[in-house]
Amino acid sequence: MSAYGSFPGARPRRLRTTPAMRRMVAETRLHPADLILPAFVREGIGEPVPISAMPGVVQHTRDTLRKAAVEARRAGVAGIMLFGVPEDGKKDAAGSAGTDPDGILQVAIRDIRSEVGDDLVIMSDLCLDEYTDHGHCGVLDADGRVDNDATLERYAEMAQVQADAGVHVVGPSGMMDGQVGVIREALDTIGKEDVSILAYTAKYSSAFYGPFREAVGSSLRGDRKTYQQDPANVRESLRELALDLDEGADMVMVKPAGPYLDVLAKVAEAVDVPVAAYQISGEYAMVEAAAEKGWIDRDKAILETLTGIRRAGAQMILTYWATEVARTL
């Protein structure tokens, strides 16, 4: 008994007494169906190529990508987001391999669709950066700047070839003005009204993309600050959100996830469409590197980061740990 009688009368610790109690009153829960696996497929390789900055992640062959998709489906993962890595000799200023019906990404979409059908949501990155010899997300004008409207024409072509290959969802990630509306019209024009658009609504110019550039064999010269968002801005994201929804986005995304949980929360509060967040390569690499040093508990850190993203409002999380985590939930 306290000297102050029955003080304190309110004891929140009562709800933390046992694992079963904490599980029962948990406000946020992770489920395999919340998770989407990003995956890279590289042209012209005979075996998977490890990505040095992302331990455990590889550039897949077509065969190992099929296996990864099956494993994700069996684990209960909701979807797979595909990124194509063409042979260097096929890169050009216009990113032609990105709109080639027989380009690596389109071939991979067909592979996965034939393997898992509709049992896994097949998503595709709709962007030119993997396919251009300059590494930018669009075509360049005479002064070397990304030409927004000329890039939109290329995105329309990409959307159509990806849809023809059998994709369920396209993910335009280039942050071009008007991209969602142009892609929606392009899809509807060829009778692909059922193909959804996951808008990269708030994609920030981030220092955490470094490992990803190794993963896709990026040829980037310069930076993407003229089209990706400034990390200092929040209201700008809400403006982008309004534009994407007006243009017909079915789902919206915040990328990166961890450093932008405040933005994610504001977006989630503002919309009535599904909200995604992408836990990007640098976020993954930091946890893996710290765990390798013995500085953190890897498994607990992974679940904590994902729970934080889910708690902030993401209904879907793109994470390289998707299959592993799904198996443990």
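In what follows, the structure referred to is the one given above.
Predicted, not measured: the structure shown is a model, and the values here were computed from it.

Trainee: Explanation requested: the overall build of the chain in the structure shown.
Mentor: A tally of helices and strands in the chain yields 11 helices and 10 strands. Expressed as a percentage of the 329 residues in the chain, the buried residues total 51%. Intrachain contacts of the chain at a sequence separation of at least 6 include 75% that bridge at least 24 residues. As presented, the chain carries roughly 15,200 Å² of accessible surface, and 49% of it is formed by carbon and sulfur atoms.

Trainee: What exactly am I supposed to notice about the state of the cysteines here?
Mentor: Cysteine pairs can be covalently joined through their sulfur atoms, and such a bond is termed a disulfide. Taken as a whole, this structure holds 0 disulfides when the rule is applied. Distance from the sulfur of Cys127, which forms no disulfide, to the nearest cysteine sulfur (Cys137) is 3.4 Å. A relative accessible area of 0% means that Cys127 is categorised as buried.

Trainee: I'm lost on the pairing of strand β1 (residues 35–42) in this one. Help?
Mentor: Each regular strand displays side chains that alternate between the two surfaces of the sheet. In terms of burial, β1 is a largely internal element, 7 of the 8 residues being buried. Sheet analysis places β1 next to strand β10 (residues 316–318), joined by 2 bridges and oriented parallel. Of the residues in β10, the one forming a bridge with Ile36 is Leu318. Where β1 and strand β4 (residues 79–85) come together, 7 bridges link them in parallel fashion. For Ala39, the partnering residue across the bridge sits in β4 and is Leu82. Here 2 bridges tie β1 to strand β3 (residues 58–60), and the two strands are oriented parallel to one another. Counted as the bridge partner of Val41 is His60 from β3.

Trainee: What is the right way to read the environment of Ser206 from this model?
Mentor: Looking at the element boundaries, Ser206 is found in the loop between β7 (196–203) and α6 (210–215). Overall, Ser206 belongs to the buried group, its relative accessible area being 11%. Note: C-alpha distance between Ser206 and Met123 (83 residues apart in sequence) is 23 Å. When neighbours within four sequence positions are excluded, Ser206 is seen to be in contact with Gln228, Pro256 and Ile280. For Ser206, the side chain forms a polar contact with the main-chain nitrogen of Phe208, separated by 2.9 Å.

Trainee: I keep staring at unusual backbone geometry and nothing clicks. Help me out?
Mentor: Phi is mostly negative for residues that are not glycine, and the peptide bonds are mostly trans. With an omega of -5°, the peptide bond between Lys255 and Pro256 qualifies as cis. By secondary structure assignment, the location of Pro256 is in the loop between β8 (251–255) and α8 (261–270). Positive phi values are uncommon outside glycine, yet Met175 reaches one of about 60°. Here Met175 is to be found in the loop between β6 (169–172) and α5 (179–189). Residue Met175 is classed as buried on the basis of its relative accessible area of 6%.

Trainee: What should I look at first to understand the packing of aromatic side chains in this one?
Mentor: Each pair of aromatic rings is reported with the distance of its centres and the angle of its planes. Scanning the entire structure with this criterion turns up 6 aromatic pairs. Between Lys203 and the ring centre of Tyr209, over which it is positioned, the NZ or CZ distance is 5.9 Å.

Trainee: Any chance you could explain the packing of helix α4 (residues 148–165) against α5 here in plain terms?
Mentor: To characterise two packed helices, one gives the angle between the axes of the helices and the distance between these axes. It is the contact of α4 with α5, at a shortest axis distance of 9 Å, that shows an interaxial angle of 45°. As summarised for this structure, α4 and α5 are arranged oblique, according to the angle between their axes. Every pair of crossing elements has a handedness; the one defined by α4 and α5 is right-handed. Residues Leu152, Tyr155, Ala156, Ala159, Gln160 and Ala163 of α4 lie in contact with α5, whose contacting residues are Gln179, Val182, Ile183, Ala186 and Leu187. When grouped by side-chain class, the residues that make up the contact of α4 with α5 number 9 nonpolar, 2 polar and no charged.

Trainee: Whenever I open this one, the environment of Gln59 confuses me. Can you help?
Mentor: Secondary-structure assignment places Gln59 in strand β3. Residue classification places Gln59 among the buried positions, given a relative accessible area of 5%. Separated by 25 residues in sequence, Gln59 and Gly84 have C-alpha atoms that sit 9.2 Å apart. Looking at Gln59, its side chain comes within polar contact range of the side chain of Arg42, at 2.8 Å.

Trainee: What is the right way to look at the pattern of salt bridges in this model?
Mentor: Any two side chains of opposite charge can pair, so long as their charged atoms come close to each other. The final tally for this structure, using the stated rule, is 18 salt bridges. Put simply, Arg145 and Asp141 hold a salt bridge, and the shortest N to O gap is 3.3 Å. The shortest N-O distance in the salt bridge between Arg298 and Glu288 comes to 3.0 Å. Pair noted here: Arg298 is in helix α10 (residues 298–311) and Glu288 is in helix α9 (residues 281–292), with a separation of 10 residues, a long-range link. In this structure Arg298 comes out as partly exposed when scored by relative accessible area, which is 24%.

Conventions used here
Residues numbered from 1 in each chain as written. Predicted model: local features only at pLDDT ≥ 70, side-chain atom pairs only at ≥ 80, totals over all residues. Heavy atoms only, no water. Helix = DSSP H or I, 4+ residues; strand = E, 2+ residues; numbered from the N terminus. Buried < 20%, exposed > 50% of the residue type's maximum accessible area, 1.4 Å probe, protein only. Contact = heavy atoms within 4.5 Å. Areas by Shrake-Rupley, 256 points an atom, 1.4 Å probe, with all protein chains shown as cover. Disulfide = S-S within 2.5 Å. Pairing = 2+ DSSP bridges. Polar contact = N/O pair within 3.5 Å; in protein donor to acceptor, adjacent residues only side chain to side chain. Phe/Tyr/Trp six-rings, centres within 6.5 Å; stacked < 30°, edge-to-face > 60°. Lys NZ or Arg CZ within 6 Å of the ring centre and 35° of its normal. Axes fitted to C-alpha atoms, helices over the stretch in contact; angles between N-to-C directions. Parallel < 35°, antiparallel > 145°, perpendicular 65-115°, else oblique. Left-handed = near helix turned anticlockwise from the far one by under 90°. Nonpolar A, V, L, I, M, F, W, Y, C, P; charged D, E, K, R; others polar. Salt bridge = Lys/Arg side-chain N within 4 Å of Asp/Glu carboxyl O.

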